[in-house]
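Here's the letter readout for the chains.
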Amino acid sequence: MSAADKVVATWSEHSDVCHHFEDLLADGSVIAWTEPPFGETLYPGDDDPDYNPICDCPGPWPLAFCLECAGCDNCGQCPCSRPHLL
């Protein structure tokens, strides 16, 4: 970490919609980011009971998850001959 990367000041604002943060660095640049409120998911819909980030199987989890290829054996995503299921 160089002297230019040193955080000189931090500003934050919290609301029901989001938490906004800004860091002022020694070189005068600003790094800004926004986070969801505590307990909320980063992306809308992630907490939906039907949300499944891996495959199209119903529900929040794959029906047959393979630990080798990180695919769902039930949907045909798993190319392994013997999937290691959870």
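Reference entry: report on the structure contained in this document. Computed from a predicted structure; not experimentally measured. (Residues numbered from 1 in each chain as written. Predicted model: local features only at pLDDT ≥ 70, side-chain atom pairs only at ≥ 80, totals over all residues. Heavy atoms only, no water.)

A tally of helices and strands in the protein yields 0 helices and 3 strands. When its helices and strands are written in sequence order, the protein yields β-β-β. Across the 86 residues in the protein, those meeting the buried criterion constitute 19%. Considering only contacts within the protein whose residues lie at least 6 apart along the sequence, 0% involve residues at least 24 apart. Accessible surface computed for the protein: about 6500 Å², of which carbon and sulfur atoms make up 57%. (Helix = DSSP H or I, 4+ residues; strand = E, 2+ residues; numbered from the N terminus. Buried < 20%, exposed > 50% of the residue type's maximum accessible area, 1.4 Å probe, protein only. Contact = heavy atoms within 4.5 Å. Areas by Shrake-Rupley, 256 points an atom, 1.4 Å probe, with all protein chains shown as cover.)

Our focus in this paragraph is the sheet that holds strand β2 (residues 19-25). Reading across the sheet, the 3 strands line up as β1-β2-β3 and stay open at both edges, with antiparallel pairing between neighbours. Since the sheet does not close on itself, it has two edges, and those belong to β1 (7-14) and β3 (30-35), each with one partner. Pairwise comparison of adjacent strand axes, ignoring direction, gives a mean angle of 15° for this sheet. (Pairing = 2+ DSSP bridges. Axes fitted to C-alpha atoms, helices over the stretch in contact; angles between N-to-C directions.)

Here we come to the pairing of β3. Two elements, β2 and β3, share 6 bridges in a ladder whose sense is antiparallel. What sits directly across from His 19, in β3, is Glu 35. Adjacent in sequence and paired antiparallel, β2 and β3 are bridged by 4 residues, among which Gly 28 carries a positive phi angle near 95°.

Turning our attention to the environment of Leu 25. Looking at the secondary structure, you find Leu 25 in strand β2. Along the sequence, Leu 25 and Ala 3 sit 22 residues apart, while their C-alpha atoms lie 9.0 Å from each other.

Enumeration according to the criterion identifies 1 aromatic pair in this entry. Ring geometry for Phe 21 versus Trp 33: centroids 5.4 Å apart, planes at 20°, classification stacked. In this pair, Phe 21 is assigned in strand β2 and Trp 33 in strand β3, connecting sequence segments 12 residues apart. You can call Trp 33 partly exposed: its relative accessible area is 31%. (Phe/Tyr/Trp six-rings, centres within 6.5 Å; stacked < 30°, edge-to-face > 60°.)

The quantities given are spatial measurements derived from coordinates; they are silent on function.
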